[in-house]
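Observations on the model geometry
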Amino acid sequence: MEDMDIEHYYGEKLSLGRILEIDKKTITDQPVKSNSDVPLCFLKKLMMVNVTARNVKSVCESDSDDKSRDSNLDLDDLFESPNTGSKLNPLDIITGLFLGSDVFVQQEMALKMSMCQFSVPLLLPNHDTNKCTLMLWAMRDIVKKYRPQSLSNSKGFIEDRIVLSKLPMISFVRLGECSLSKSEILNKLLSNSQQYHDTFVHRNMECGDSPKTISNGMTEMTWYLPCGNPNIDIFSEPVAVANLRGDIASFVTQYSFLCQTSAAVFVFFDHLDAKISLLTNQKHNGQIFLVGNYESKHFSKNARKNLAAEMGLTKYNIIIKLKEKNDAVLLNDLRKTITDVVENTRMKMTIEQMADIARQLGILVDEDSRECQTARTNAEAITEEIQDILKYKEDQLPRQGQIWKELTCLEKEEFRLRNVGSGNIEDYKSELQLKKQGMRKKQNKYDMSTAMTCFIKAISSPGTERFYFLKWMRMNLDNLSRIKLSELREKYKEICKNSENKEEINKIDRQISNSSLGTEHFFREMGQIYEASLSLPKTDRARKQLQHLPKLCAELLLDGFPLELVDGDASNIPLRWVCDVLSQLSDLVSPNRKIRVVTVLGVQSTGKSTLLNTMFGVQFAVSSGRCTRGAFMLLIKINEDMKKVLNCDFMLIIDTEGLKSPELAQLDNSYEHDNELATLVVGLSDVTVVNVAMENSTEMKDILQIVVHAFLRMKEVGKKPKCVFVHQNVSDVSAHKNSRDRKLLLEQLNEMTKAAAKMEKKEENKSFTDVMEYSPDTGNWYIPGLWNGNPPMAPVNAGYSEAVYELKKNIIQLLGNCESSANDVMEFKEWVTSLWTAVKHENFIFSFRNSLVADAYMRLCTEFNKWEWEFRKEMYTWVTNVETRISNFGKVAVKFESSDMRDFLACLKIEATTVLSTWEKKLLDNLTQYFKQTEGHVYLVEGYKEEFANSAKSLRREMERSVFNQLTVAAEIREKRAEIEKIKENHTL
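The rules behind the values
- Residues numbered from 1 in each chain as written.
- Predicted model: local features only at pLDDT ≥ 70, side-chain atom pairs only at ≥ 80, totals over all residues.
- Heavy atoms only, no water.
- Helix = DSSP H or I, 4+ residues; strand = E, 2+ residues; numbered from the N terminus.
- Buried < 20%, exposed > 50% of the residue type's maximum accessible area, 1.4 Å probe, protein only.
- Contact = heavy atoms within 4.5 Å.
- Areas by Shrake-Rupley, 256 points an atom, 1.4 Å probe, with all protein chains shown as cover.
- Axes fitted to C-alpha atoms, helices over the stretch in contact; angles between N-to-C directions.
- Parallel < 35°, antiparallel > 145°, perpendicular 65-115°, else oblique.
- Nonpolar A, V, L, I, M, F, W, Y, C, P; charged D, E, K, R; others polar.
- Core = buried A, V, L, I, M, F, W, Y, C linked by side-chain atoms within 4.5 Å.
- Expected span 1.5 Å × (residues − 1).
- Arc of directions from axis to C-beta.
- Polar contact = N/O pair within 3.5 Å; in protein donor to acceptor, adjacent residues only side chain to side chain.
- Pairing = 2+ DSSP bridges.
- Patch = residues over 30% accessible without salt bridge, like charges linked within 9 Å, V, L, I, M, F, W, Y side chains within 5 Å.
- Salt bridge = Lys/Arg side-chain N within 4 Å of Asp/Glu carboxyl O.
- Lys, Arg positive; Asp, Glu negative; His and termini not counted.
- Charge placed at Lys NZ, Arg CZ, Asp CG, Glu CD.
- Phe/Tyr/Trp six-rings, centres within 6.5 Å; stacked < 30°, edge-to-face > 60°.
- pLDDT = per-residue confidence, 0-100.
- Left-handed = near helix turned anticlockwise from the far one by under 90°.
- Disulfide = S-S within 2.5 Å.

What follows concerns the overall build of the protein chain. Each helix and strand in the protein chain was counted, giving 33 helices and 19 strands. Per-residue burial for the protein chain yields a buried fraction of 53% across its 989 residues. Across the protein chain, contacts joining residues at least 24 apart in sequence account for 77% of those joining residues at least 6 apart. On the protein chain, roughly 46100 Å² of surface is accessible, and the fraction owed to carbon and sulfur atoms is 49%.

For the pair helix 22 (residues 575-588) and helix 30 (residues 825-841), interaxial distance at closest approach is 8 Å and the crossing angle is 170°. Taken together, the axes of helix 22 and helix 30 lie roughly antiparallel to each other. Seen from helix 22, the contacting residues are Leu-575, Cys-579, Leu-582, Ser-583, Leu-585 and Ser-586; seen from helix 30, they are Val-825, Met-826, Phe-828, Lys-829, Val-832, Thr-833 and Trp-836. Its residues assigned to classes, the contact of helix 22 with helix 30 comprises nine nonpolar, three polar and one charged.

A separate point is the nonpolar core. Residues Leu-134, Trp-223, Phe-257 and Phe-266 are the most contacted members of the largest nonpolar core, which totals 147 residues. For this core, the element with the highest residue contribution is helix 29 (residues 798-816), accounting for eight residues. Other than its neighbours up to four places away in sequence, Phe-266 contacts Ile-170, Ser-171, Phe-172, Val-173, Phe-289, Val-291, Ile-319, Leu-334, Thr-337 and Ile-338. Trp-137, Leu-549, Ile-573 and Val-578 belong to the second largest nonpolar core, which has 89 residues in total.

A separate point is helix 11 (residues 351-360). The set of residues buried in helix 11 consists of Ile-351, Met-354, Ala-355, Ile-357 and Ala-358. Downstream of helix 11 by one or two residues, Gly-362 has phi in the positive range, about 85°.

Moving on to unusual backbone geometry. Residues apart from glycine generally show negative phi values, whereas peptide bonds are mostly found in trans. Of note, the bond from Pro-791 into Pro-792 is cis; its omega dihedral lies within 30 degrees of zero at 10°. Here Pro-792 shows up in the loop between strand 18 (780-783) and helix 29. Unlike most non-glycine residues, Asn-729 shows phi in positive territory, near 60°. In this fold, Asn-729 is placed in the loop between strand 17 (722-728) and helix 28 (739-759).

Counted at 1.5 Å a residue, the expected span for helix 30 with its 17 residues is 24 Å, and the 24 Å between its end C-alpha atoms agrees. Listing the buried residues of helix 30 in full gives Val-825, Phe-828, Lys-829, Trp-831, Val-832, Leu-835, Trp-836, Val-839 and Lys-840. Viewed along the axis of helix 30, the buried residues span an arc of 160°, placing them on a single side of the element. Measuring from the backbone nitrogen of Met-826 back to the side-chain oxygen at the start of helix 30 gives 3.1 Å, which picks out Asp-824 as the cap.

Let's shift gears to the pairing of strand 15 (residues 650-656). Within strand 15, seven of the seven residues are buried, which leaves it mostly tucked inside the rest of the structure. Side chains Phe-650, Leu-652, Ile-654 and Thr-656 of strand 15 all project onto a buried face; the interleaved residues Met-651, Ile-653 and Asp-655 project onto the opposite face, where all are buried too. Two strands pair when backbone bridges link them, and strand 13 (residues 594-602) and strand 15 are joined in this way by six bridges, in the parallel orientation. Bridging across to strand 15, Arg-596 finds its partner in Met-651. For strand 14 (residues 631-637) and strand 15, the ladder comprises seven bridges, and the chain directions are antiparallel. Bridging from a neighbouring strand, Leu-635 pairs with Leu-652 of strand 15.

A separate point is a negative patch on the surface. On the surface, a cluster of negative charge is contributed by Asp-900, Asp-903, Glu-972, Glu-975 and Glu-979. Sorting elements by how many residues they give to the negative patch places helix 33 (residues 945-988) first, with three residues.

Tallied over the full model, the rule gives 18 aromatic pairs. The interplanar angle of 10° and the centroid separation of 5.1 Å between the aromatic rings of Phe-172 and Phe-266 together place this pair among those described as stacked. In this pair, Phe-172 is assigned in strand 5 (residues 169-175) and Phe-266 in strand 8 (residues 264-269), connecting sequence segments 94 residues apart. Look at Phe-455 and Phe-522: their rings are 5.2 Å apart centre to centre, the planes differ by 25°, and that puts the pair in the stacked class. Here Phe-522 lies in helix 19 (residues 519-533) and Phe-455 lies in helix 16 (residues 450-459), a separation of 67 residues in the sequence.

Should pLDDT be low for a region, the predicted coordinates there are not to be read in detail. Looking at the protein chain as a whole, the pLDDT averages 82, with 85% of positions reaching at least 70. For residues 664-669, every residue scores under 50 in pLDDT, and the model assigns this stretch six contacts once sequence neighbours within four places are set aside. The low-confidence segment residues 893-897 (pLDDT under 50) makes three contacts with residues lying over four places distant or belonging to another chain.

Read across the sheet, nine strands follow the order 10-9-8-5-7-6-1-2-11 without closing on themselves; strand pairing throughout is mixed. Strands at the two margins of the open sheet, each flanked by one partner only, are strand 10 (318-321) and strand 11 (364-365). Here four bridges tie strand 1 (residues 120-126) to strand 2 (residues 131-134), and the two strands are oriented antiparallel to one another. Within the sheet, the bridge partner assigned to Pro-125 lies in strand 2 and is Cys-132. Helix 6 (residues 182-190) contacts strand 5, strand 6 (219-224), strand 7 (239-247) and strand 8 of the sheet and is inclined by roughly 165° relative to strand 7. Its contacts with the sheet place helix 7 (residues 252-261) against strand 1, strand 2, strand 5, strand 6, strand 7, strand 8 and strand 9 (287-293), and it is angled at close to 150° to strand 5.

This brings us to the environment of Glu-640. Structurally, Glu-640 is set in helix 24 (residues 640-646). Looking at Glu-640, its side chain comes within polar contact range of the side chain of Lys-643, at 2.9 Å.

Look at helix 19 against helix 21 (residues 549-558): their axes get within 10 Å of each other, and the N-to-C directions meet at 145°. The two elements helix 19 and helix 21 meet at a crossing, and its hand is left-handed. Seen from helix 19, the contacting residues are Phe-523, Met-526 and Tyr-530; seen from helix 21, they are Leu-549, Pro-550, Cys-553 and Leu-556.

It is worth spelling out the state of the cysteines at this point. Going through the model one piece at a time under the given rule, you end up with zero disulfides. Cys-818 forms no disulfide, and the closest cysteine sulfur to it belongs to Cys-648, at a distance of 8.9 Å. Residue classification places Cys-818 among the buried residues on the basis of a relative accessible area of 13%.

Moving on: the pattern of salt bridges. A pair can form between side chains of opposite charge whenever their charged atoms are brought close. The full count for this structure, using the stated rule, is 40 salt bridges. A salt bridge links Asp-569 to Arg-524, with the shortest nitrogen-to-oxygen separation between them at 2.8 Å. Here Asp-569, found in the loop between strand 12 (563-566) and helix 22, pairs with Arg-524, found in helix 19; they are 45 residues apart in sequence, far enough to count as distant. The class of Asp-569 is partly exposed, set by a relative accessible area of 31%. The exposure class assigned to Arg-524 is buried, which follows from its relative accessible area of 7%. Between Arg-885 and Glu-911 there is a salt bridge, and its shortest N-O distance comes to 3.6 Å.

Of all seven residues making up strand 17, seven are buried, and the element is well covered by its neighbours. Residues Lys-722, Val-724, Val-726 and Gln-728 line one face of strand 17 and the alternating positions Cys-723, Phe-725 and His-727 line the opposite face, and both faces are buried. Bridging between strand 16 (residues 687-693) and strand 17 involves seven bridges; their strand directions are parallel. For Val-690, the partnering residue across the bridge sits in strand 17 and is Phe-725. With four bridges connecting them, strand 17 and strand 18 associate as parallel partners. Opposite His-727, over in strand 18, you have Tyr-782 as the bridge partner.

As for its placement among the helices and strands, Asp-824 is situated in strand 19 (residues 823-824). Polar side-chain contacts of Asp-824 include one of 3.1 Å to the backbone nitrogen of Met-826.

Our focus in this paragraph is the environment of Met-347. Residue position: Met-347 is located in the loop between helix 10 (327-344) and helix 11. In sequence terms Met-347 and Leu-167 are 180 residues apart; their C-alpha atoms lie 8.2 Å from each other. Setting aside residues up to four positions removed in sequence, Met-347 forms contacts with Pro-168, Gln-260, Thr-261, Ser-262, Ala-263 and Asn-285.

Quick look at the side chain of Asp-92 now. Looking at the secondary structure, you find Asp-92 in helix 4 (residues 90-100). In contact with Asp-92, not counting residues within four places along its chain, are Met-4, Pro-211, Lys-212, Thr-213, Ile-214 and Ser-215.

What follows is the structure, encoded as structure tokens:
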């Protein structure tokens, strides 16, 4: 560990915050100059899920490469063995880093290694203590999806946390020296004919022939998981595979553990004579198989026969590589044997169950620390109570449900005043304020639930225990949601097959949408508890007791936990809560700490969260069952050596939910939700990554048009964010040369900007680049697909990781070139407040799919206003004439008119009804004629036909009320005048 310059981490462990910090090494590709550079270089690549992470050349190799090119060397030097003593074995690097890292880094490393399809440590040796540790916690976060043969026809799949999966384990060990490379055979065994992958490090790999120093005794683990296709799958059922490094004679404890936990143990050997007792003295819960190499000079038939007799082994349990058998035949024999074991064994065990056996053998378990167990108990006290997720949310998290959604509607209505009607605006606003206060009172009536009391208490605990608790909570809640969603999906499938009851299908659909439960829901409830308490008097005890909540969240944000910025369910920001958290964050860091903001925006399921996770090594939720809802922000520290380059101290990453979600598409306000979210997050960012599937950006044009509208307004306050388009799943090397498509995209963006500028009456903006910083040559990035092969056995594509790394360097460069100065935390808070207030004020443009629809709507409004004016003008003229007739009633004899005013008024109302009906029909005919026109924009507003027809009918009703009222008033005035005339006449007489 001194050689690797990580011995100082042995005492003070390497933390996740230190790894994720952005420093100069993050964006430089300097070659490894010494062994001390190797571990952090490996770690940097691993955090970006790069499958080439283990292929790190040391400086000695570079020197030897230079020497081999020297033409003056003697030819005899070609036959000298290179000096491998100074090279680091990849297994030593991995072992050293695991020993020098804290438990959260270990968990992150295991997760990323699993994504790369690297084997992960199951038993980690520590030669200082001569103990090994079962890495149960390290593997807790690994979730795998697979399809066993039994689910092939139904196209079902299993998704489970790997430590909870009950699988047969096949172990491979070595007895003495062995001429066969056990690990290389294992790699071939687990790879199909189309694609070979080095799951285990072996002697023929880069630096694999270097002597192992601290990794002997390590037991690695991987899994073979089928995809359900018999032409691709090597094994039709899932199986765990363990591989012990080193001779079992030196690591008896590890060997004993494998014998008691495995369905089968394969012992590779050349020479058996002196070590037979090691095999015979062990307690075997599964079968044992011997794998020997007949070509080895140490091979002994007699020793093999003696052992077979003593252990009762049959021909079936012995596999020998003969001279006539090549590797393919040996692999075939091994596969047949393993298939037979997997299909017939009852010896299946979870890694959790293995922990009990480990403890009996004196093996440490990484989860046995006091903090971990206390945090687990606290988390389970909350999650064990959850039976029905929907009911649990109503009972334990009541403030964020319907009440919060209604509050959101009231807040937006307070700004937009859509339903004010003809009433007094100030009265209407006062009414809305009272309703909001009523909602807050309703929230305050709820007592603090048991779950929230436990949750707040647990996150108030000291550092490590708090982190453990949040991890346990997230994992437990994910497990519950996964089970619930799996049940609901099956139910949905059955109902769709057997029923045409749309109401029943919609009910299940709503349940699927609402069955998500994560830690964000608990933090959301915390925010609502806090916001509701602010409506209480300042002296109120309950309010005082909750004042510490924003500080708790600020501490978590500083420690790298994501915080919900926008509630995706209610489409709202709990503004007071978020602002107070940011204020506390400002107090926790030194004054005037600057932040830069990077945002990713895109259509649902285009890999936004995966892109951010790969780019920055963070962990936004990427579960297929629970897509991101709303927007989350995460803080990354900037190292001292980069602060001057970026002119900031922190980078804030904002991950957003997918736009154009099928779940929201059926809702009337889905455009509004997407447009508000897009405008907000782009408005907050210094660099916006627009993520699109393939090379087609059409799906994002609607959203971008609305964003352009917002930015035409924002430009006046000096905000001009940089824009980068990322095209995912494009592996063609010539994609970047497709300048025609990029030119076409820019032309379309320019057209959008012109249309938006015209509507906003800011026609000096003629191009997209007037509003946002974008270059068609440098602003488009093409990233190949995530997986290299067929999941679940496919590793992450190295091309994906490398392309994302180049994108990361470009984004950091863009941030460094920002002309505007970075905001400090308090300025960012003010910007969030003013921007969200502006978004809530917007009453028109967000309601439309895009600018074209808004423009077409405005044209139709203009036409309709003309027709409305003609209607009103006609009725005004008619009423004026009729008022004259009423005022002359009784003075001038008019043919067919009644001598009684009441009868006369009734006749006039019938006449008015006829005129009104004629004009209503004329309005509807005008609308029909308008929609029949051939102008291209008309089809965009087809959906508003009913709205305008209703407006015509509403206008007729309004005019009818007005006319009838005027006629009545005119008649009453005529009657009063007649009375006055009589009084005058009587007075004169």
